[in-house]
Amino acid sequence: MGLVSVIETASRGRSRGRAKREQTRILRGRAITQGIGLGTAGRVETLPLPEITERLSQRGADVEAARFDEAVARAQRQIEKIRRRLVRLPEGGRDDVSGLLTVYDRMLGPSRLTRQVRQKLEGDGLTAEAAVAEVSAELAQRVAETATVSSALTDESDTSGADASLRLAGEFEEIGRRLVRNLTGVSYRAFSSLPEGSVLVAEQLRPADIAMIDPARVAAVVTEGNGGADHTAILLRALDIPAIVAVPGLMAQVAEGDMLVVDAHLGTITVNPNATELRLAHEAAAREARERRAFSRIRRLPAELRSGESIELLANLELASELPMLVRNGARGIGLLRSEFLFSDEDDLPDEDGQAAIYRTVLQGMAGQPVTIRVFDWGGEKGQDYLRYADQPQSVVGDNPALGLRGIRLLLKAPEVLETQFAAILKAASPTEEAIGPVRVLLPMVTSLDEVVTAREIYERVARGLRRQGVELPEPLPPLGVMVETPAAALIADALVQHADFMALGTNDLTMYTLAVNRADAAVADRYSPLHPAVLRLIATTAESALRAHRPLSVCGEMAADPRIVALLIGLGVRSFSMKSASLPRVKRLIRTVSFEECDQLRREVMLATEADAVQEVLRRFAT
C-alpha cells in the first residue's frame, strides 16, 4: 500500500503546549542515513490495506483476467505519473527513484509475478485480488527466506546478499499492494506538503512515496516500520535526508508539533529536548554541514597519499539503480559487480543477449570507468533458490551450505550457465562508439588451481566461438581474475597468479573461513575479527604473491571501508579498494593525510602483534 496521508489538523499551539509539559524522552531505531536533523514533528497516518473477503471467483476466469489486466494497466499509469513528478527531487534522487520505477515496470510486464497470477486465475479459479495477494506474498517469502539463509551463514559486516534479497521481497510486496488497491477501488491520495523544516513522522514509507517528499522542506525522516535493506532506505540515502527507521512505538509516542532531534549517527530521536540539548544539536548539525561541504570538495580530488602514490578507490554494486550514488561519492569504477542480484527477480535467467544488454547498461552508466563483473556466486549463503538456474537439486546444498557446492564449484557443474554469462560479458565489453570502459571478469570462491585453469579454458573457448560468429571482441580479452576468500586460495596465491590476471581479496569470507566463526551466531560472534593475526598474515601472503608476479590486487570486503585498516592494507602492498559508495569520501580523506612511510610503519607494528586486541590498539593510536 502506498502512503495514504492525513496530516493532523490539531492546533499547533495546543500541540506545542502539550510538548512543553511532557518530559524529554529518547526513542531508538535503526539509522540508515547519516546526519542530524531538527524540527517539529509532522505526522503522516497510514490507512490499512483493503481486506480481501472473496477468494474464489463467481465471475469466471476470463472476467478476472480482464480485471487483472486493467489493474496492471492502471498501475503502469500510476508509475508513469510518479516518474513525471521526479523533477521535484534532487538530480541524484531522480536517478535512483527512476531506476526503482523501472524495476516496477519490469514486474508489471511479462514477469514471474504476472505469469503466476494468471495461472492461479485459470487453474485455481481465484479472484484477481486473491491471486495477486497470494502470488506476491509467496514470491516475497521465497526471496526473504534467501535473505535469512544469507544472514545465518555470513558475518554481519557483509549483509549485501541478504540486503538485496530483502529489497527484492519488498518490491514484490509493493507491487502486490498497488495491484490489490487498484482492484478494490481504493485509490491513492497524495499527502499534503509538510511545513518547511519539519521532521516527517510515519508508520511506514513506500519507495514510490519518496517521489512525493520535498527534501528542501523536510529536515529528517523517522518511521515505525521499514528496514535498512529496502529500497525506501536506499532512496532516502540518495536524497541525503537524515533518517531512522524501525522505531518501536513511534506513532504512539510522538505527537504532531513535538520538537524532535534526529541523530542518525546514534539512531536516536530526542522528543522535546531541553534547551541545552537543543543548542548542542544545532551546533552538531552546523559542524556536520561544514564536513559535508569538505567531503564535496574531497570527491573531486585524486586519491593520493601525501607522499604522492596513487590509490584506486572503487565501489561495490548490486543494483543498476545505485549507479548515480556511486558517481556522486567519487567512485572511479566498480570493483565488484555482484551479477547474481541483477537477475534475482526473473523466473529464468535472460539469454546471452538479454544478459549482455543489462551488463552494457551498467558499463554505460560508469561512462568509461573500469567495471569488474563477478560471475554468479550462487550456493552457500546465497540461498537454495538460485540453484534452479543451474538445474541443480536443492538437496546439493547439504547440511553446511558454506562448505558445499557454491561459487565456481557450482558453475563448473553447470558449464552452460558459465558459458552464457562469459559470452554476455564479452559482448557487453565489445568495442563500440559508446563510452565503454575497461571490463574485468572475476571468479568467486576459488580454492584450487584446477578451477582457474578449467574456467579459463571455457572463457577462451567462448571467445573463439564469438569471433567465429563475427562478434568484435576487445583485444586482448578482458582480464580474468580470482577471488581470494579462503585460506586455501591465500596459501596458493603464488600459483594462482600464474593463471589469473588479477586477484581480489574477499575479506569477509576469508575471516569466516580462517577463524571458523559465523558472526551471526551469538555464541561465537565475539571470536570474529578481520584483524586476527592469522587473517592479516594470509592477506600479507596474498599481497606478496601479487607484487612478485606484478598482478593487480584489490580488497573488496568490509575492511576496505575502514580508513584505519585501509592504511594498514596500503602498508601490506594493496593499492586498490572497493567498498560501499558511502564510505568512499572518508577513506579518501584518510588517504590524502598519510604517507606511504607511515602506512609501512603501521604494518611493521601490526605484524608484530599476536592478538586482535593488540592490533586494535595499534590502529587506535595511529588514528589519533
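Per an unreviewed UniProt entry, the chain goes by Phosphoenolpyruvate-protein phosphotransferase and derives from Neokomagataea anthophila. The record held by UniProt for the chain lists under Sequence similarities (unreviewed entry) the comment "Belongs to the PEP-utilizing enzyme family." Entered under Catalytic activity (unreviewed entry) in the UniProt record, the comment concerning the chain runs "L-histidyl-[protein] + phosphoenolpyruvate = N(pros)-phospho-L-histidyl-[protein] + pyruvate".

1. Re the overall build of the chain
Helix and strand content of the chain: 22 helices and 16 strands. Buried residues in the chain amount to 56% of all 624 residues. Long-range contacts, defined here as pairs at least 24 residues apart, represent 73% of the contacts in the chain between residues at least 6 apart. Surface exposure of the chain reaches about 25500 Å², of which carbon and sulfur atoms provide 50%.

2. Topic: the sheet that holds strand β14 (residues 503–505)
Overall, parallel pairing links the eight strands, which are arranged β9-β10-β11-β12-β13-β14-β15-β16 in a closed barrel. Strand-to-strand twist of the sheet, defined as the mean angle between neighbouring strand axes without regard to direction, takes the value 30°. Across three bridges, strand β13 (residues 480–484) lies against β14 in parallel orientation. Note that in β14 the partner of Val482 across the bridge is Met503.

3. Focus: the packing of aromatic side chains
With the rule as written, the count across this model stands at one aromatic pair. For the ring pair Phe422 and Tyr459, a centre distance of 4.9 Å and an interplane angle of 65° mean the geometry is edge-to-face. You can see Phe422 sitting in helix α13 (residues 415–428) and its partner Tyr459 sitting in helix α14 (residues 449–468), a full 37 residues away along the chain. An identical accessibility class is assigned to Phe422 and Tyr459; each is buried. A cation over a ring is seen here: Arg440 above Phe502, with NZ or CZ 3.9 Å from the ring centre.

4. A short note on the pattern of salt bridges
Applying the stated criterion across every chain yields a total of 31 salt bridges. Residues Asp258 and Arg25 are paired through a salt bridge, measuring 3.9 Å at the closest nitrogen-oxygen approach. Placement of the pair is Asp258 in the loop between α8 (250–253) and β7 (259–263) and Arg25 in strand β1 (residues 25–28), with a sequence separation of 233 residues. Members of the salt-bridge network, linked through shared partners, are Glu54, Arg59, Glu64, Arg67 and Glu129.

5. Some details on the side chain of Asn182
Here Asn182 lies in helix α6 (residues 160–184). For Asn182, a relative accessible area of 9% corresponds to the buried category. One polar contact links Asn182 to Gln78, side chain to side chain, over a distance of 2.9 Å. Setting aside residues no more than four positions away along its own chain, Asn182 makes contact with Ala71, Arg74, Ala75 and Gln78.

6. Structural notes on the nonpolar core
Ranked by size, the top nonpolar core spans 101 residues in total, and within it Phe422 and Phe577 carry the most contacts. The element that contributes the greatest number of residues to this core is α13, accounting for eight residues. Every residue in contact with Phe422, bar those within four places of it in the chain, is listed here: Val375, Val441, Leu443, Ala455, Ile458, Tyr459, Val462 and Leu480. By size, the runner-up hydrophobic cluster in this structure holds 30 residues, among which are Phe68, Leu126, Val132 and Ile175.

7. Some words on the sheet that holds strand β4 (residues 198–202)
Read from one edge of the open sheet, eight strands run β1-β8-β7-β3-β4-β5-β6-β2, paired in mixed fashion. The open sheet terminates on both sides in strands that have one partner only, identified here as β1 and β2 (30–33). In this sheet, neighbouring strand axes are inclined to one another by 30° on average, regardless of whether the strands run parallel or antiparallel. Sheet topology note: the β2/strand β6 (residues 243–245) ladder contains three bridges and is antiparallel. Across the sheet, residue Ala31 finds its bridge partner in β6, namely Ile244. In this fold helix α9 (residues 275–299) packs onto β3 (36–44), β7 and β8 (268–271), with an angle of close to 110° to the strand it touches most, β3.

8. Quick look at the pairing of strand β12 (residues 439–443)
Of all five residues that make up β12, five are buried, and the element is covered over most of its length. Side-chain alternation along β12 places Val439, Val441 and Leu443 on one buried face and Arg440 and Leu442 on a second face that is also buried. Judged from the four bridges that link them, strand β11 (residues 371–374) and β12 form a sheet pairing that is parallel. By the bridge assignment, Val371 is partnered in β12 with Val439. Sheet topology places β12 next to β13; three bridges connect them, and they run parallel. Within β13, the position partnered with Val441 by the bridge is Leu480. At this point the chain moves from β12, through α14, to the parallel β13, and the crossover so formed is right-handed.

9. Quick look at the side chain of Ser578
One can find Ser578 in strand β16 (residues 576–579). The exposure class assigned to Ser578 is buried, which follows from its relative accessible area of 1%. Of note is the side chain of Ser578, whose polar atom sits 3.4 Å from the backbone nitrogen of Gly335. Contacts of Ser578, omitting those with residues within four sequence positions, involve Leu314, Ala315, Asn316, Gly335, Leu336, Val555, Cys556, Gly557 and Ala560.

10. Regarding unusual backbone geometry
Cis geometry is found at the peptide bond from Glu475 to Pro476, where omega equals 0°. Turning to its location among the elements, Pro476 is positioned in the loop between α14 and β13. Its identity is not glycine, yet Asn272 carries a phi of approximately 55°, on the positive side. Along the polypeptide, Asn272 turns up in the loop between β8 and α9.

Reading guide: rules and limits
- Residues numbered from 1 in each chain as written.
- Predicted model: local features only at pLDDT ≥ 70, side-chain atom pairs only at ≥ 80, totals over all residues.
- Heavy atoms only, no water.
- UniProt positions renumbered as here; feature names shortened; annotations may be inferred.
- Helix = DSSP H or I, 4+ residues; strand = E, 2+ residues; numbered from the N terminus.
- Buried < 20%, exposed > 50% of the residue type's maximum accessible area, 1.4 Å probe, protein only.
- Contact = heavy atoms within 4.5 Å.
- Areas by Shrake-Rupley, 256 points an atom, 1.4 Å probe, with all protein chains shown as cover.
- Pairing = 2+ DSSP bridges.
- Axes fitted to C-alpha atoms, helices over the stretch in contact; angles between N-to-C directions.
- Phe/Tyr/Trp six-rings, centres within 6.5 Å; stacked < 30°, edge-to-face > 60°.
- Lys NZ or Arg CZ within 6 Å of the ring centre and 35° of its normal.
- Salt bridge = Lys/Arg side-chain N within 4 Å of Asp/Glu carboxyl O.
- Polar contact = N/O pair within 3.5 Å; in protein donor to acceptor, adjacent residues only side chain to side chain.
- Core = buried A, V, L, I, M, F, W, Y, C linked by side-chain atoms within 4.5 Å.
- Right-handed = clockwise from strand over helix to strand, strands pointing away.

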